[in-house]
Amino acid sequence: MKIAHISDYFTLKLGYQEAFLAREEIKKWDKVFVLTSNRNYPFPNYETTYKNILWGRIMKIWEFKEEWIVIKRLKSIFEIPTSALVVFMWILKNLKKIKPDVIICHDLIKPNNIWAYFYKIFYNKSVKIIIDTHEAEYNTSIDSILKKLYVTLRKIFYRPIITKYSNKIVATWFNEKAFAQKYFLSRKTKIEIIPLWADTELFKPSKDIRDKMRRQYNIKDNEIVFVNAWKINESKKNMELLEAFWKLRKNNKNLRLFFIWNWDQSYINKMEEFVEDNKLIDFVTFIPFIKNEELPNYFNMADVWVWPWSRSNVFWEAASCWLPLIIEDREYTRELVYEWENGYLLNTITKDSVYESLNTIIKMDIKKMWLKSRKIVEEEFSWRIINKNLLEC
């Protein structure tokens, strides 16, 4: 089977949904193609964070194979970096050449996906089109005249095409489904929920890795290590975690905290000042941005995953490495965390509430909780299961 992905920005190094889907499809000996722009995602502070991993943001136009996936980087003709919106050329031309059986369009609101529907209408009526959406009120705002105009025009001209010619419309959770129905489709539009997931082959428990990493960072056997990874900024409330850890450490010296960070350098500086002022330098470690395949090393080294605020598929990846979780109490976390069995759900995010969660979980049998986290992911949230569900249409 030939599968084509249309994705505005694509890289295998960061471990986002489209990359894991393509990898899973290759494992089944499908022929996988990715049509994308010749640009990396316009992350804030790109030069000081992602450039070390992804190199320059603007790349050459080329076609190449990476992990047996054919990646076609096509010429970008328009971009609004602040909105992560890019338009690139020759999508229809490449679809005609590939002749895919399935086209997976990433992101409901992006304009490049229209070419998949043109291809189906005029060249191959049997091709299946699957479109997925990640946008919700908490990560996408329709707050300007230009954005409202764009939404209105899409509803008028694009909605009839999407609803008629899509074989499947998928949202990662109910918030994303509600957002799509409200702004771009209609409340009657059928949208299937397929949640985020983890690569259980990459993210898996390893005692050898755990021992090696703990030796590398001089972590004693009786020390409990908390880990927090990925975006660090004001909205993620990482400082609340740091302040809660400082308070907890006053009465428990066998604790360590690791932040694997990128994004907001000024916020990192603020956190580092707090660490220095409160004599936590030997107990709080900041790890600069790393590749996705390196994350399992740190997850295996740790004992508990903590991210008090906002959603990320890193939750699932940490659980896949059998870590208990401390995360916000929302619909999409309740399915992953059975309270007191493999984690702690926070109703409110404050320094005191995070402190209470840390203090509670270190008094429990953490090793007993490990197996529960891994079992949940293997049975319900592995890439193998999710990819199978996505392609069924």
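Residues numbered from 1 in each chain as written. Predicted model: local features only at pLDDT ≥ 70, side-chain atom pairs only at ≥ 80, totals over all residues. Heavy atoms only, no water.

Asks: Would you mind showing me how to read the nonpolar core here?
Replies: In globular proteins that are soluble, nonpolar side chains generally tend to be buried together. The biggest cluster of nonpolar side chains holds 56 residues, and the ones touching the most others in it are Phe299, Trp305 and Leu336. The biggest single contributor to this core is helix α11 (residues 314-320), with five residues. With near-sequence residues (within four places) excluded, Phe299 lies in contact with Phe203, Val227, Ala229, Trp305, Val314, Glu317, Ala318, Cys321 and Leu323. One finds Ala4, Tyr9, Leu35 and Ala84 within the second-largest nonpolar core, a separate group that totals 39 residues. (Core = buried A, V, L, I, M, F, W, Y, C linked by side-chain atoms within 4.5 Å. Buried < 20%, exposed > 50% of the residue type's maximum accessible area, 1.4 Å probe, protein only. Helix = DSSP H or I, 4+ residues; strand = E, 2+ residues; numbered from the N terminus. Contact = heavy atoms within 4.5 Å.)

Asks: What should I look at first to understand the pattern of salt bridges in this one?
Replies: When charged atoms on two side chains of opposite charge get close, those side chains can pair. All chains considered together, the criterion is met by 19 salt bridges. Its salt-bridge partner being Arg256, residue Glu223 comes within 3.6 Å of it at the nearest N-O pair. In this pair, Glu223 sits in the loop between α7 (207-216) and β11 (224-232) while Arg256 sits in strand β12 (residues 255-263), placing the two residues 33 residues apart along the sequence. Exposure class is identical for Glu223 and Arg256. Each is buried. Each of the salt bridges in this network shares a partner with another, and the network as a whole consists of Asp8, Asp107 and Lys110. (Salt bridge = Lys/Arg side-chain N within 4 Å of Asp/Glu carboxyl O.)

Asks: Looking at this model, I keep getting lost on unusual backbone geometry. Mind explaining?
Replies: Among all residues except glycine, the phi angle is most often negative; among peptide bonds, the trans geometry is most common. A positive phi angle, near 70°, is found at Trp29, a position not held by glycine. Mapped onto the fold, Trp29 is located in the loop between α1 (17-27) and β2 (31-37). With a phi close to 55°, Lys99 is a non-glycine residue in the positive phi region.

Asks: Sorry if this is basic, but what is going on with the side chain of His106 here?
Replies: As for its position among the elements, His106 is in strand β7 (residues 102-106). On the basis of relative accessibility, which here comes to 3%, the residue His106 falls in the buried class. Within the local environment of His106, its side chain forms a polar contact with the side chain of Gln17, the two groups lying 3.2 Å apart. With near-sequence residues (within four places) excluded, His106 lies in contact with His5, Ile6, Ser7, Gln17, Glu18, Leu21, Asn113 and Asp132. (Polar contact = N/O pair within 3.5 Å; in protein donor to acceptor, adjacent residues only side chain to side chain.)

Asks: Before we go on, may I ask you to explain the packing of aromatic side chains in this structure?
Replies: Tallied over the entire structure, the rule returns 23 aromatic pairs. Arranged with centres 5.0 Å apart and planes meeting at 75°, the rings of Trp173 and Phe174 form a pair that is edge-to-face. Given a relative accessible area of 46%, Phe174 falls into the partly exposed group. Here the aromatic residues Phe203, Phe299, Trp305, Trp307, Phe315, Trp316 and Phe381 are joined through ring pairs into a cluster of three or more. Here the guanidinium or amino end of Lys247 rests over the ring plane of Tyr355, the centre of that ring lying 4.4 Å away. Lys250 extends its terminal NZ or CZ atom over the ring of Trp246, reaching a point 3.8 Å from the ring centre. (Phe/Tyr/Trp six-rings, centres within 6.5 Å; stacked < 30°, edge-to-face > 60°. Lys NZ or Arg CZ within 6 Å of the ring centre and 35° of its normal.)

Asks: Even after reading the chapter, I still don't get the packing of helix α3 (residues 91-98) against helix α4 (residues 114-122), so can you show me in this structure?
Replies: Packed helix pairs are specified by the crossing angle of their axes together with the interaxial distance, meaning the distance between the axes. Direction vectors running N to C along α3 and α4 enclose 45°, while the axes themselves pass 9 Å from each other. Taken together, α3 and α4 sit at an angle that is classed as oblique. Between α3 and α4 the crossing geometry is right-handed. Residues Ile91, Leu92, Leu95 and Lys96 of α3 form the contact with α4, whose participating residues are Trp115, Ala116, Phe118 and Tyr119. Taken together, the residues of the contact of α3 with α4 break down into seven nonpolar, no polar and one charged. (Axes fitted to C-alpha atoms, helices over the stretch in contact; angles between N-to-C directions. Parallel < 35°, antiparallel > 145°, perpendicular 65-115°, else oblique. Left-handed = near helix turned anticlockwise from the far one by under 90°. Nonpolar A, V, L, I, M, F, W, Y, C, P; charged D, E, K, R; others polar.)

Asks: Is there a simple way to think about the environment of Lys375 in this case?
Replies: Mapped onto the elements, Lys375 comes out in helix α14 (residues 366-380). Sequence separation between Lys375 and His5 is 370 residues; the distance between their C-alpha atoms is 30 Å.

Asks: What is the right way to look at helix α9 (residues 265-277) in this model?
Replies: Within an α-helix, residues lying three or four positions from one another point in the same direction, as the helix has 3.6 residues per turn. The terminal C-alpha atoms of α9 lie 18 Å apart, and with 13 residues this matches the ideal 18 Å at 1.5 Å per residue to within 8%. Among the residues of α9, Tyr267, Ile268, Met271, Phe274 and Val275 are the ones counted as buried. Down the axis of α9, the buried side of the element spans an arc of 120°, and every buried residue falls inside it. Facing away from the buried surface of α9 by more than 90 degrees, the exposed residues are Ser266, Glu273, Glu276 and Asp277. (Expected span 1.5 Å × (residues − 1). Arc of directions from axis to C-beta.)

Asks: Would you mind going over the environment of Glu79 with me for this structure?
Replies: Its location among the elements puts Glu79 in strand β5 (residues 76-80). Its relative accessible area of 15% is what places Glu79 among the buried residues. Measuring from C-alpha to C-alpha, the distance between Glu79 and Arg39 comes to 9.6 Å, with 40 residues separating the pair along the chain. Those residues in contact with Glu79 that sit more than four places away from it in its chain are Tyr9, Arg39, Pro42, Arg57, Leu85 and Val86. Within polar-contact distance, the side chain of Glu79 engages the side chain of Arg57 at 2.9 Å.

Asks: What exactly am I supposed to notice about the sheet that holds β7 here?
Replies: Whether parallel or antiparallel, the strands of a sheet pair through hydrogen bonds between backbone atoms. What the eight strands build is an open sheet, ordered β3-β4-β2-β1-β7-β8-β9-β10; its pairing is mixed. The open sheet has two edge strands with one neighbour each: β3 (62-66) and β10 (192-193). Judged from the six bridges that link them, strand β1 (residues 2-7) and β2 form a sheet pairing that is parallel. Bridge pairing in β2 links Ile3 to Val32. (Pairing = 2+ DSSP bridges.)

Asks: What is the right way to look at the packing of α4 against helix α5 (residues 145-165) in this model?
Replies: Remark: α4 packs on α5, axes separated minimally by 11 Å, with the N-to-C direction vectors making an angle of 60°. The angle between the axes of α4 and α5 places the two elements in the oblique class. The interaxial crossing formed by α4 with α5 has left-handed handedness. For the pair formed by α4 and α5, the contact residues are Ile114, Tyr117, Lys120 and Ile121 on the first element and Tyr158, Ile161, Ile162 and Tyr165 on the second. Residues that form the contact of α4 with α5 fall into these classes: seven nonpolar, no polar and one charged.

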